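Each chain is listed here by its residues.
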Amino acid sequence: MWLQALKWHNDCNVAVTDVHRPFLSEDDLEDVFPIQIRLSVSWETNSLVVKISLKDNMIGFYKRACDIFVPEAEQVHIWDFSGQTTQFLNDRINLPNGSMGQSAEEILLELQVHGFSDSKNGRDESIDGMIEYDRKDISFDSGSVKMNGSSDYVISRSTPKNLSVSGCRYRRARFLGLTGLQNLGNTCFMNSAIQCLAHTPKIVDYFVGDYRKEINRENPLGMNGELALAFGDLLRKLWAPGASPVAPRMFKLKLAKFAPQFSGYNQHDSQEFLAFLLDGLHEDLNHVKCKPYIEVKDADSRSDKEVADEYWQNHLARNDSIIVDLFQGQYRSTLVCPICKKKSVTFDPFMYLSLPLPSTTMRTMTLTMLSSDGTTLPCPITVSVPNCGRLKDLIEALSTACSLRNDESLLVVEIYKNKIFRFLEEPSDSLALIRDDDKLVAYRLPKVTEASPLVVFMHELLDKPSELEKSVPNWKLFGIPLVARLSDHSNGSDFRNQYLKLLSPFLMPDDTLNDDDSGVTANEDSAMEDVPSINVSDGNADSDSETDNGPLFSNDFQFCIKDYHGRVTEIEMNKPLLAPSYNNRLEVHVLWSEKMVEKYDTCILSSLPEVFKPQLCTRRPQESVSLYKCLEAFLKEEPLGPDDMWYCPSCKRPRQASKKLDLWRLPEILVVHLKRFSYSRIIKNKLETYVDFPVEDFDLSTYMSHKDSHLCNRYTLYAISNHYGGMGGGHYTAFVDHGHCRWYEFDDENVSPVSEDRIKTSAAYVLFYKRVS
């Protein structure tokens, strides 16, 4: 009855159209009257001021309101804008003297605020036990009232039906804020993030209030307040009475004006949009008009707490907004030089935590193992490594599998089109960059102390042209490159000897037996004797270089070096080599004759399996990891990448220092970004790892480097931004807790209830936590 009456009184059009079919009797309408009140919050006295004014109400309505509000004081419940039940637990309502029973011009009710019960643990159990929800009947109603002295739409909860003072059960209770956002064309990423922010209680309270007076239009880093105004207008529409989905066109126009990367209608990342939006709102609402220049002081053996507080105060001196108050925390960053052990400690602010997803499942990888001593044939070797591990994990697994000696090392490379495509040498590189159809080779090499160059032998065959083509020699690469280290490569014969040593396992069976019928495999010297030697006279460099069978290279190997311009330099036996090496590596091209092709087993030399060959009807299990494990991986000490070197002030050189992060100060609203997407120059990948995240009690106490007894380090989840699908597409939705563990799914314009046990999925992308009070 109350909902229908409220709609009837505040919507004249509906009242007119329903005049022939009234739904309320005259007796029912006696208890229903329109009343206008003014609400204001006194932050100095921590109280809520409620005014019933004679000038805003008819005399009859004003007297009836006095009769209702003035009698004996009881506990008063205020339903706030953000969708949470805010209880003002007061012993008594303070009324002006002489106001009871008098027709004064204004009645002032001052309610002392003792606490807010906006979480499950803090709500009144007696009230909670009275509420019963029916999801089938959702209705919202609107009204225009006076708020803080100005006319505006005020968002009020729909009052439960069948409510009685004696404590009868609520039959139905409905909330505002369950309004969807229309998809303007691949704008689900924006809708998902906005719904999460639009259900952050203090953000809602801030933007439905008089926030315009705090806009900083002078900030050169801001957007003239236009982004804040557009967001505030959009948020008010989402919380305005009525259930029609909102089209965020004006907000998107403002967004595209200041962030061209979000213009058009392509799919984007919700976390990247959220980061820009929070930063933009902060600059538009920054109270600091002129940011001071503050020089960072050295620690000078001061305590971490003193230095951290100094960093934080310096940050607040330049940044002061509702965004900083709610979303920004502080972590400690420690860098240590690997050479001189110089230690650098800084304290930096953060808006959100981007956590990696450590792998708990294993990935099977097959590589080809080659030795450089010429004793064994190439053999495939299969190891298991963490699915999202590093190259160092692969090296350790290979070393164990092949029983690597202490005087040996492994060199892992990727082979593409019969040559080394890239050297995998950085231990911190992610294994996710290695695809299943890649072909990897691991070379067992001796450890060397001096700077011995790495020689890469690449094999080439003469591709005979057809009769119609011109008889121009065309050499093509084949087989697996062979790798060795040469301590002395000043003579061309050294290359030949080393190459023949590497090729000895590939000799055909007829060429591996000695003439004495001993039946043993030929050693290196006998193998070399089977290969025709190059006759170079020490006294006559112009001696005949041809045999009865034609040119020299037609019966033997020819060694040459090709530069980046395609110029070929032949390596002559017993003569110094003048060719330079690049990055301490030298590529030598070996031209094979037809006789050598018959002498060696080129099929084995060309055999190269893929990293992973999927089998039919095989399915990899879904990976699962705890959110705490993700946090531990984020806080783990790791070396910086080669592209992110740290300039050591002691060494005066860039160093690949080790970096360690520690949580120092946590914000009231903790945003956790799960790094599901990985980008590189080669591939883009999305991790479908299922993250088991806590809902009611996310306790970070044990991960804090600084203990503050005044702040709680426990959080409760209230919103999730989800991403379904793969790279370059997919769809974003949001799960939102609308109070008292009532979860709803926001799928663009569609809003529907969802049970709490269904909000944990492998699509969770950005998690929103609020501190437990």
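Up top is the structure.
Quick summary incoming for the structure in this document. (Residues numbered from 1 in each chain as written. Predicted model: local features only at pLDDT ≥ 70, side-chain atom pairs only at ≥ 80, totals over all residues. Heavy atoms only, no water.)

Here we take up the sheet that holds strand S22 (residues 638-639). The strand order across the open sheet formed by 4 strands is S9-S8-S25-S22, and the pairing between neighbours is antiparallel. Lying at the two open borders of the sheet, with one neighbouring strand each, are strand S9 (343-350) and S22. Of the strand pairs in this sheet, S22 and strand S25 (residues 658-665) are connected by 2 bridges, and their pairing is antiparallel. From the neighbouring strand, Glu-638 faces S25, where its bridge partner is Lys-659. Across the sheet, helix H11 (residues 304-318) touches strand S8 (329-336), S9 and S25, and the angle it forms with S9 is around 40 degrees. (Pairing = 2+ DSSP bridges. Helix = DSSP H or I, 4+ residues; strand = E, 2+ residues; numbered from the N terminus. Contact = heavy atoms within 4.5 Å. Axes fitted to C-alpha atoms, helices over the stretch in contact; angles between N-to-C directions.)

Core analysis: the biggest nonpolar cluster contains 57 residues, and Phe-251, Phe-273 and Phe-327 have the highest contact counts within it. Apart from residues no more than four positions distant in its own chain, Phe-251 is found in contact with Met-190, Ile-194, Leu-227, Ala-230, Phe-231, Leu-234, Phe-273 and Leu-277. Val-413, Tyr-443, Phe-478 and Val-590 belong to the second-largest nonpolar core, a separate cluster that totals 40 residues. (Core = buried A, V, L, I, M, F, W, Y, C linked by side-chain atoms within 4.5 Å. Buried < 20%, exposed > 50% of the residue type's maximum accessible area, 1.4 Å probe, protein only.)

We now examine the pattern of salt bridges. For the structure on display, the rule yields 25 salt bridges. As a salt-bridge pair, Arg-302 and Glu-306 come within 3.7 Å of each other at their nearest N and O atoms. Classification of Arg-302 as partly exposed rests on a relative accessible area of 22%. Overlapping salt bridges, with partners in common, bring together Asp-304, Arg-332, Lys-660 and Asp-662 in one network. (Salt bridge = Lys/Arg side-chain N within 4 Å of Asp/Glu carboxyl O.)

Ordered by their spatial adjacency, 5 strands build an open sheet running S12-S11-S15-S13-S14, and the pairing between neighbours is mixed. Of all the strands in the sheet, just strand S12 (379-386) and strand S14 (419-424) have a single pairing partner and so form its edges. Averaged over all pairs of adjacent strands, the angle between strand axes in this sheet comes to 40 degrees, irrespective of strand direction. Relative to S14, strand S13 (residues 408-416) runs antiparallel, the two sharing 5 bridges. Across the sheet, the residue bridging to Val-412 is Leu-424, located in S14. Contacting strand S11 (362-371), S12, S13, S14 and strand S15 (440-446), helix H13 (residues 391-401) runs over the sheet at an angle of about 130 degrees to S12.

Time to look at the side chain of Thr-200. As for its position among the elements, Thr-200 is in the loop between helix H6 (188-197) and helix H7 (201-207). Thr-200 sits in the buried class, given a relative accessible area of 1%.

As a further point, take the pairing of strand S16 (residues 454-463). Counting buried positions along S16 gives 7 out of 10 residues, so the element sits mostly inside the fold. Two elements, S16 and strand S17 (residues 474-485), share 9 bridges in a ladder whose sense is antiparallel. Directly across from Leu-462, in S17, lies its bridge partner Trp-475. In terms of strand pairing, S16 meets strand S20 (residues 585-591) through 7 bridges, oriented parallel. Within S20, the residue paired with Val-455 across the bridge is Leu-586.

Once that is clear, we can look at a positive patch on the surface. Taken together, the side chains of Arg-390, Lys-392, Lys-636 and Lys-675 define a basic patch exposed on the protein surface. Secondary-structure assignment places Lys-636 in the loop between helix H18 (627-635) and S22. (Patch = residues over 30% accessible without salt bridge, like charges linked within 9 Å, V, L, I, M, F, W, Y side chains within 5 Å. Areas by Shrake-Rupley, 256 points an atom, 1.4 Å probe, with all protein chains shown as cover. Lys, Arg positive; Asp, Glu negative; His and termini not counted. Charge placed at Lys NZ, Arg CZ, Asp CG, Glu CD.)

Among the residues making up H18, those that are buried are Leu-627, Cys-630, Leu-631, Phe-634 and Leu-635. The buried residues of H18 occupy an angular sector of 135 degrees when the element is viewed end-on, so they sit on one face. N-capping of H18 is provided by Ser-626, with a side-chain oxygen placed 3.2 Å from the backbone N of Tyr-628. (Arc of directions from axis to C-beta. Polar contact = N/O pair within 3.5 Å; in protein donor to acceptor, adjacent residues only side chain to side chain.)

This part covers the pairing of strand S32 (residues 731-737). For S32, the tally of buried residues reaches 6 of 7 residues, placing the bulk of the element in the interior. As paired elements, strand S31 (residues 714-724) and S32 share 6 bridges and run antiparallel to each other. The partner of His-723 across the bridge, within S32, is Tyr-732. Here S32 runs beside strand S33 (residues 743-747); their pairing, made up of 4 bridges, is antiparallel. Counterpart to Val-736 in the pairing with S33 is Tyr-744.

Moving on, we get to the environment of Lys-501. Topologically, Lys-501 is positioned in helix H14 (residues 492-503). You can call Lys-501 partly exposed: its relative accessible area is 26%. Between the C-alpha atom of Lys-501 and that of Gly-374, which follows or precedes it by 127 residues, the distance is 5.2 Å.

Where helix H8 (residues 226-239) contacts helix H9 (residues 249-258), the two axes come as close as 9 Å, and the packing angle between them is 160 degrees. By the criterion of interaxial angle, the relationship of H8 to H9 is roughly antiparallel. The two elements H8 and H9 meet at a crossing, and its hand is left-handed. Taken together, the residues of H9 that come into contact with H8 (itself represented by Glu-226, Leu-227, Ala-230, Phe-231 and Leu-234) are Phe-251, Lys-254, Lys-257 and Phe-258. Residues of the contact of H8 with H9, tallied by class, amount to 6 nonpolar, no polar and 3 charged. (Parallel < 35°, antiparallel > 145°, perpendicular 65-115°, else oblique. Left-handed = near helix turned anticlockwise from the far one by under 90°. Nonpolar A, V, L, I, M, F, W, Y, C, P; charged D, E, K, R; others polar.)

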